[in-house]
Amino acid sequence: MKIVQDKLRNRQALLVSGLITLVFTSLFLFIIYEQRMAAASEGVSRLQAHMLDIFNDNELIADAIGERYYHIKTGEQCGVMAQFVPRNKDEWGINADPKRVHSATGTIIAQQPSHNALCMYAAAEFIRGMVNELNPGSFDAHRYIIASNSDYFYWFMASDSRNFSFSDSEMAMDITHFFYPPVDFYTRLLQKNVKNKALSSTNFYTDKITGEKAYSVVSYIYDLSGKEISDQIVAYLVYDHSKPELEEALAEAFDNQILPGLNVELVNLTNKESLCLSGKCAGQSSYLVRNFSEKYALHYSISLGRFMARDTQAGIVILLAPFFFIIITFSLKSWLNESDLKVYIDTLTGCFNRRILDIIKRRDLSHCSVVLLDCNKFKAVNDTWGHAAGDRALQIIANRMLSNTRTSHDLVIRTGGDEFMILLFRSQASDAVAIAERISGQVTSHVFVVEGNTIPLSVSWGIAEVKGDLDAAIQNADTAMYKMKQARE
């Protein structure tokens, strides 16, 4: 059957196998990719919830400090001014010595000792203690307070104040450059849209503490002492989101298992500045968006190339693809062979039928020989003993031809009712003669019995070498076979 499974069939099998492998590999990769994108969305959602929790905490702490500031100031419970000690010639502070800060309390640094700064320190310390008492282990380090006129700075974590100096602080020099003007107290308090509230966040800047790119969540501490509470504030409550802190929060959102190929970028929607938190964010052409606020959003995607190169399941699918291709190719070739057999095989004798000639003529037939065989007096067998006996006789003769030819090279073809052709590849006329004589002898010597009667079987044959044209060789072999048949009669 190898003669049938020619180059065309090989190309068909390879092409179809390649397409099937590509489709199924792509389908599996798509399913895995979609699973990873779903996991990415869940992780980013957790990060978004965490960031909104921090903002909501900041709002609650700002309101609590504002209330406490108002009560202790009006009740004259702020403490004594002697708590302020010089930090340097231009600064005063409480727990502000860079060499000996105490972690048990916060730190305040002021340009000059003032009653307002003292009251803010007392209020912030009270709220700081309450936060730590009610929520142990969840204290947020990088949170601090800045006076509305930048006269003082207070840090919840004293160590954050070590690198501060009014002389080089951009916020102290021009506070209006960093913060939006506040809305009135009740609007801020009753506003349910957290994303709108969070517009008060700063733009990106270089953090003095970490030296990294950062932005800050900003809440307002309102002045509650007036008869009409308005948009007057006494200070800003600020929480810094530095790049390392955001990267750590992202890792925690994914249980410290960042997905292979994940790109996460924090984007300032107002000026298009961005901060890459994971992967290679530059040039993300397609990404999903998750808004933190009206000002900041996360753009995230999974790079297809890095996903296929680094994802374990995707790697297994890609590694198995060649094996799938090979299996499919062999299976398809086998199926094609079986299909060809149904079309080209004579069901009675097991030989090829004459349809195979259309394929044979497309092949290189140089150095081939043709043997034509015809059953002698076959009509008499059919007429006398019936078609069943004739069919048995044909099967016996075909079996002798098949057993005397090379299965992988030669072709035995039933070209008519009792007519056969043998195509011998890479054979000369002498080889063909030897095979024809052997087949003829075996047919003649076979004892064919029908209903207790022995019926003689014999064949006439003719041979010819193929010299370019198969039809011409068949005609020459047919002429030689006819001469033998006439001689026997």
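Refer to the structure presented above.
What this report covers is the structure whose coordinates are included nearby. Please read all numbers here as calculations on a predicted model, not as lab measurements.

**A look at a nonpolar patch on the surface**
Here comes step 1: There is a patch of nonpolar side chains on the surface, built from Leu-15, Val-16, Leu-19, Ile-20, Val-23, Phe-24, Leu-27, Phe-28, Phe-30 and Ile-31 and spanning about 910 Å² of accessible area.
Here comes step 2: With respect to the helices and strands, Val-23 occurs in helix H1 (residues 7–74).

**Here's the deal with the sheet that holds strand E6 (residues 205–206)**
Here comes step 1: Pairing is antiparallel in the open sheet, where eight strands are placed in the order E1-E2-E3-E5-E4-E8-E7-E6. Each end of this open sheet is capped by a strand with a single partner; those strands are strand E1 (85–88) and E6.
Here comes step 2: Here nine bridges tie strand E7 (residues 213–222) to strand E8 (residues 233–242), and the two strands are oriented antiparallel to one another. Residue Ser-216 lies in a different strand from E8, and its bridge partner there is Asp-240.
Here comes step 3: Sheet strands in contact with helix H2 (residues 115–134) are strand E2 (91–94), strand E3 (107–110), strand E4 (143–147), strand E5 (152–155), E7 and E8, and its direction is about 15 degrees off that of E5.
Here comes step 4: Seen against the sheet, helix H6 (residues 243–253) touches E7 and E8 and runs at an angle of roughly 65 degrees to E8.

**A closer look at the side chain of Asn-263**
Here comes step 1: Checked against the element boundaries, Asn-263 lands in strand E9 (residues 262–268).
Here comes step 2: Looking at Asn-263, its side chain comes within polar contact range of the side chain of Arg-306, at 2.2 Å.

**Description of the sheet that holds E9**
Here comes step 1: Spatially, four strands are ordered E10-E9-E12-E11 in an open sheet, and the strand pairing comes out antiparallel. Among the strands making up the open sheet, the edge pair consists of strand E10 (274–278) and strand E11 (288–291). Across the sheet, the mean angle from the axis of one strand to that of its neighbour is 25 degrees, orientation sign disregarded.
Here comes step 2: As paired strands, E9 and strand E12 (residues 296–302) are joined by seven bridges and run antiparallel to one another. Across the sheet, the residue bridging to Val-267 is Ala-297, located in E12.

**Looking at the packing of helix H11 (residues 387–403) against helix H12 (residues 429–445)**
The description of two packed helices rests on the angle between their axes and on the distance between the axes.
Here comes step 1: At a minimum axis distance of 9 Å, the contact between H11 and H12 shows a crossing angle of 145 degrees. Where H11 crosses over H12, the two elements pack in a sense that is right-handed. Taken together, the residues of H12 that come into contact with H11 (itself represented by Ile-397, Arg-400, Met-401 and Ser-403) are Ile-439, Gln-442 and Val-443.
Here comes step 2: A breakdown of the residues in the contact of H11 with H12 according to their chemical character gives four nonpolar, two polar and one charged.

**Things to note about helix H13 (residues 470–488)**
Turn by turn, an α-helix covers 3.6 residues, leaving residues three or four places apart pointing in a common direction.
Here comes step 1: End to end, H13 covers 27 Å across 19 residues, agreeing with the expected 27 Å (1.5 Å per residue, within 8%).
Here comes step 2: Buried residues belonging to H13 abut helix H9 (356–360), strand E14 (369–375), strand E16 (419–424) and strand E19 (459–465).

**A closer look at the packing of aromatic side chains**
Here comes step 1: With the rule as written, the count across this model stands at 19 aromatic pairs.
Here comes step 2: Note on Phe-185 and Tyr-222: the rings are 5.2 Å apart at their centroids and 75 degrees apart in plane angle, and the pair reads as edge-to-face. Linking Phe-185 in helix H4 (residues 185–190) with Tyr-222 in strand E7, this pair joins segments that are 37 residues apart in sequence.
Here comes step 3: Members of the aromatic cluster, each reached through a chain of ring pairs, are Phe-178, Phe-179, Phe-185, Tyr-186, Tyr-205, Tyr-220, Tyr-222 and Tyr-236.
Here comes step 4: The side chain of Arg-68 reaches across the aromatic face of Phe-126, ending 3.8 Å from its centre.
Here comes step 5: Directly above the aromatic system of Phe-204 lies the positively charged group of Lys-213, at a separation of 5.1 Å from the ring centroid.

**Here's the deal with the state of the cysteines**
Here comes step 1: Summed over the entire model, instances satisfying the criterion amount to two disulfides.
Here comes step 2: Across the disulfide, Cys-78 is cross-linked to Cys-119 (sulfur-sulfur distance 1.9 Å). With the S-S dihedral at roughly 100 degrees, the linkage between Cys-78 and Cys-119 falls on the right-handed side. Pair noted here: Cys-78 is in the loop between H1 and E1 and Cys-119 is in helix H2, with a separation of 41 residues, a long-range link. Each member of the pair, Cys-78 as well as Cys-119, is classed as buried.
Here comes step 3: Each sulfur in the disulfide pair Cys-276 and Cys-281 lies 2.1 Å from the other. Residues Cys-276 and Cys-281 are joined by a disulfide whose S-S torsion is about 70 degrees; by sign, that bridge is right-handed.
Here comes step 4: The class of Cys-276 is partly exposed, set by a relative accessible area of 25%.

**Some points on the pattern of salt bridges**
Here comes step 1: Using the criterion set out here, one finds nine salt bridges in the structure.
Here comes step 2: Residue Arg-188 pairs with Glu-59 through a salt bridge whose shortest N-O separation is 2.8 Å. Of the two residues, Arg-188 is situated in helix H4 and Glu-59 in helix H1; the sequence distance between them amounts to 129 residues.
Here comes step 3: Judged by its relative accessible area of 7%, Glu-59 is buried.
Here comes step 4: Residue Lys-361 pairs with Asp-471 through a salt bridge whose shortest N-O separation is 3.2 Å. Taken together, the residues Lys-361 in the loop between H9 and E14 and Asp-471 in helix H13 connect sequence positions 110 residues apart.
Here comes step 5: Given a relative accessible area of 41%, Asp-471 falls into the partly exposed group.

**Some thoughts on the pairing of E16**
Here comes step 1: Across the six residues that make up E16, a large majority, five, are buried.
Here comes step 2: Bridge count between E14 and E16: six bridges; the pairing is antiparallel. Each bridged residue has a counterpart across the sheet, and for Val-370 the counterpart in E16 is Leu-423.
Here comes step 3: Judged from the four bridges that link them, strand E15 (residues 411–414) and E16 form a sheet pairing that is antiparallel.

The rules behind each value
- Starting from 1, residues in each chain are numbered consecutively following that chain's sequence as written.
- Local features are withheld for residues below a pLDDT of 70 in this predicted model, meaning they are given only at 70 or higher, and side-chain atom pairs are given and counted only at 80 or more; totals for whole chains, interfaces and linings count all residues.
- Think of the side-chain values as coming from all heavy atoms in the structure, minus any hydrogens and water.
- Only residues whose relative accessible area exceeds 30% and that take part in no salt bridge are eligible for patches, with like-charged residues grouped when within 9 Å of each other and nonpolar side chains (Val, Leu, Ile, Met, Phe, Trp, Tyr) grouped when within 5 Å.
- Per-residue and other accessible areas were derived by the Shrake-Rupley procedure at a 1.4 Å probe size, with only the shown protein chains allowed to occlude residues.
- The salt bridge definition used is simple: a Lys or Arg side-chain nitrogen within 4 Å of an Asp or Glu carboxyl oxygen.
- What counts as a helix is a DSSP run of H or I of at least four residues, what counts as a strand is a run of E of at least two, and both are numbered from the N terminus.
- Following DSSP output, two strands are said to pair if at least two bridges run between them.
- Contacts between residues were defined by any pair of non-hydrogen atoms, one from each residue, lying within 4.5 Å.
- For helices, the fitted line uses only the C-alpha atoms of the stretch in contact; every axis is such a line through C-alpha atoms, and the angle between N-to-C directions lies from 0 to 180 degrees.
- Here a polar contact is recorded for every N or O atom pair within 3.5 Å, except that within protein the pair must consist of a potential hydrogen donor and a potential acceptor, and residues adjacent in sequence are included only if both atoms are side-chain atoms.
- A clockwise turn of the near helix away from the far one marks a right-handed crossing, whereas an anticlockwise turn of less than a right angle marks a left-handed crossing.
- Classes in brief: Ala, Val, Leu, Ile, Met, Phe, Trp, Tyr, Cys and Pro nonpolar; Asp, Glu, Lys and Arg charged; the others, Gly included, polar.
- Every helix has an expected span of 1.5 Å times one less than the residues it contains.
- The rule is short: rings of Phe, Tyr and Trp, with Trp giving its six-membered ring, pair when the centres are within 6.5 Å, and they are stacked under 30 degrees, edge-to-face over 60, tilted in between.
- Lysine and arginine charges are scored as sitting over a ring when NZ or CZ, respectively, is within 6 Å of the ring centre and within 35 degrees of the ring normal.
- Note that a disulfide, as used here, is simply two cysteine sulfur atoms within 2.5 Å.
- Type-normalised accessible area, obtained with a 1.4 Å probe on protein chains alone, sets the label of each residue: buried when under 20%, exposed when over 50%, and partly exposed for intermediate values.

No statement about biological role is implied by the geometric values presented.
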